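Observations on the model geometry
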Amino acid sequence: MRDLFDKIYRDKGPLGKWAAHAEGYFVFPKLEGEISNRMKFQGKEVVTWSINDYLGLANHPEVRKVDAEAGAAYGSAYPMGARMMSGHTDLHEQLQNELAAFVNKEAAYLLNFGYQGMVSTIDALVSKDDIIVYDVDAHACIIDGVRLHMGKRFTYKHNDVESLEKNLERATKMAEQTGGGILVISEGVFGMRGEQGRLKEIVELKKKFNFRFFVDDAHGFGTLGATGAGAGEEQGIQDDIDVYFATFAKSMASTGAFIAADKEIIDYLKYNLRSQMFAKSLQMQLVVGALKRLDMLRTMPELKQNLWKIVDALQSGLKARGFDIGTTQSCVTPVYLKGSIPEAMALVKDLRENYGIFCSIVVYPVIPKGLILLRMIPTATHTLEDVEITLEAFDAIRARLENGTYKRLSAAVTAAMEK
Ligand SMILES: Cc1ncc(COP(=O)(O)O)c(C=O)c1O
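Residues numbered from 1 in each chain as written. Predicted model: local features only at pLDDT ≥ 70, side-chain atom pairs only at ≥ 80, totals over all residues.

**Brief notes about the overall build of the protein**
A tally of helices and strands in the protein yields 17 helices and 14 strands. For 419 residues, the compact-globule estimate of 2.2 N^0.38 gives 22 Å, and the C-alpha radius of gyration of the protein, at 22 Å, lies within 12% of that figure. Taken along the three principal axes of its C-alpha coordinates, the protein extends 60 × 55 × 50 Å. Relative to its 419 residues, the protein shows a buried fraction of 44%. The long-range fraction of contacts in the protein, counting pairs at least 24 apart against all pairs at least 6 apart in sequence, stands at 71%. (Helix = DSSP H or I, 4+ residues; strand = E, 2+ residues; numbered from the N terminus. Rg over C-alpha atoms; globule rule 2.2 N^0.38 Å. Buried ≥ 20, exposed ≤ 12 C-beta atoms within 10 Å, placed from the backbone. Contact = placed C-beta atoms within 7 Å.)

This is the structure:
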């Protein structure tokens, strides 16, 4: 028999194996200073393109003031206990009502964290006779929610409605045997590549198939739609989304999340969401802070306009310079380059140290081998000057990638990796 830890000593996992070369720099980097378009990395100022503070609320003076006052008034403990037992308050209810109204649903329920909330909502919505059909590129929290499901599940090809339709045919046959129903899950915006889920075409399939539709709109909430209510509003089908989810971790620049749906569905979920029934209530400072942020989303359309001014300048500038930004239809701005992982590391180092640009880097196994994805998140705090500096830096690093500079610079890392 083996020691349980043997596998850990042997193998650090697909990302962990890079730790010796990557930790503290490419992964677990420490960005310092106040959250904004310019922060410090290893003592130097960088233009920061890696923070999901879409509307620039994280460090907005009004938000900071409300957060501080709520912290002083309530501390970080209040209320104690789970919502069901002793952690329920008027302000939790008020926030739910305001969130529901904002996303045009009858009711909403707060979640302590988006990730756990998604896992738990999927778990609560299905029983073993039901069938889940979900996008193969779904966020990890959706995959983990599906993992809890005791019944059948099918994936459909990423954002491919034909593939969804085929899987709905299979799911329908199966549901007829089990006597269960069907849950379809998509993201409103896919956070890595930025394309919107094909929500409008998916809800069209309701005419042909009997299913309920659950949308994780983490990146769409606050950034898309006329009022900022998200991808469903943007595509004109918010009413056809049966359960809507968004996190406070992006546009709201906080912690927490919510689901919204018909009142009867929320009434069911609040008695069946294990991650909320058996966990401490969302702390009051976060509730008060979320009420303030939501008010700003509603009353300050200029925040979203500023965001989109930067998104448009960045995306059109990259395209004009011949960069491949894939199929994004949102603020998420990917730039695809070709190169090995060691080349990607040398390139990002150059970008950070010599050009003062900080963006996230994504490589295999998250994307196919040989591709480098530089992922940028524009925010309302960025300036057109930040965009210009970044475009020039991208031109320079592309030239250095193509003339083999990063191959030479990374030879030592490559040799160490091949040992
Ligand atoms: C698509 C998506 N769903 C869910 C989550 C999880 O939300 P939270 O950070 O509130 O746990 C994230 C990340 O924040 C996300 O990008």
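**What about the site of the ligand?**
Residues in contact with the ligand amount to 13 residues; listed here are only the nearest, Gly114, Tyr115, Ala218, Thr247 and Ala249. If you tally residues by element for the shell around the ligand, the top one is helix α5 (residues 114–125), at three residues. Taken together, the residues of the shell around the ligand break down into seven nonpolar, four polar and two charged. (Near = placed C-beta within 6 Å. Nonpolar A, V, L, I, M, F, W, Y, C, P; charged D, E, K, R; others polar.)

**As for the sheet that holds strand β13 (residues 360–362)**
Read across the open sheet, the three strands follow the order β11-β14-β13; overall the sheet is antiparallel. Both outer strands of the open sheet, β11 (333–338) and β13, are each paired with one neighbouring strand and no more. Mean inter-strand twist for the sheet, computed between neighbouring axes without regard to direction, equals 25°. Two elements, β11 and strand β14 (residues 371–376), share six bridges in a ladder whose sense is antiparallel. The partner of Thr333 across the bridge, within β14, is Met376. (Pairing = 2+ DSSP bridges. Axes fitted to C-alpha atoms, helices over the stretch in contact; angles between N-to-C directions.)

**A short note on helix α10 (residues 263–270)**
Of the residues making up α10, those classed as buried are Ile265, Ile266 and Leu269. Across the axial projection of α10, the buried residues extend over an arc of 95°, all falling on one side. Set apart from the buried face of α10 by more than 90 degrees, the exposed residues are Lys263 and Glu264. Of the surrounding secondary structure, the elements contacted by the buried residues of α10 are β4 (107–111), α5, β9 (243–247) and β10 (257–261). (Arc of directions from axis to C-beta.)

**Some words on the domain arrangement of the protein**
Segmenting the protein into domains produces domain 1 (8–58 + 301–418) and domain 2 (75–299). Centre-to-centre separation of domain 1 and domain 2, based on C-alpha positions: 29 Å. Contributions of two or more residues to the side of domain 1 that touches domain 2 are made by α13 (301–320) and β11. Top element by residues in the side of domain 1 that touches domain 2 is α13. It accounts for three residues. Considering only residue class, the side of domain 1 that touches domain 2 consists of ten nonpolar, seven polar and three charged. (Domains from an automatic or database assignment.)

**Brief notes about the packing of helix α4 (residues 90–102) against helix α12 (residues 284–299)**
It is the contact of α4 with α12, at a shortest axis distance of 10 Å, that shows an interaxial angle of 30°. Considering the angle they form, α4 stands roughly parallel to α12. Regarding α4 and α12, the two cross each other, and that crossing is left-handed. Across from Leu91, His92, Gln94, Leu95, Glu98, Leu99 and Phe102 in α4, the residues of α12 making contact are Met284, Val287, Val288, Ala290, Leu291, Leu294 and Arg298. Split into classes, the residues belonging to the contact of α4 with α12 amount to ten nonpolar, two polar and two charged. (Parallel < 35°, antiparallel > 145°, perpendicular 65-115°, else oblique. Left-handed = near helix turned anticlockwise from the far one by under 90°.)

**Looking at α4**
Turn by turn, an α-helix covers 3.6 residues, leaving residues three or four places apart pointing in a common direction. With 13 residues, α4 extends 18 Å from end C-alpha to end C-alpha; this agrees with the ideal 18 Å at 1.5 Å per step. Looking at α4, one finds that the buried residues are Leu95, Gln96, Leu99, Ala100 and Phe102. For α4, the buried positions fall inside an angular range of 160° around the axis, keeping them on one side. Exposed positions of α4 whose direction lies more than 90 degrees from the buried face are Asp90 and Asn97. Packing partners of the buried residues in α4 comprise β4, β10 and α12. Looking one or two residues beyond α4, the residue adopting positive phi is Asn104, at roughly 65°. (Expected span 1.5 Å × (residues − 1).)

**Things to note about the nonpolar core**
The biggest cluster of nonpolar side chains holds 115 residues, and the ones touching the most others in it are Val133, Phe258, Ile259 and Ala260. If sequence neighbours within four positions are ignored, Phe258 has contacts with Leu99, Ala108, Tyr109, Leu110, Leu111 and Ala246. (Core = buried A, V, L, I, M, F, W, Y, C linked by C-beta atoms within 7 Å.)

**Regarding the pairing of β10**
With respect to burial, β10 is a largely interior element, five of its five residues being buried. Strand direction decides the pairing type here: β9 and β10, joined by four bridges, are antiparallel. Pairing of Ala246 across the sheet is with Phe258, part of β10.

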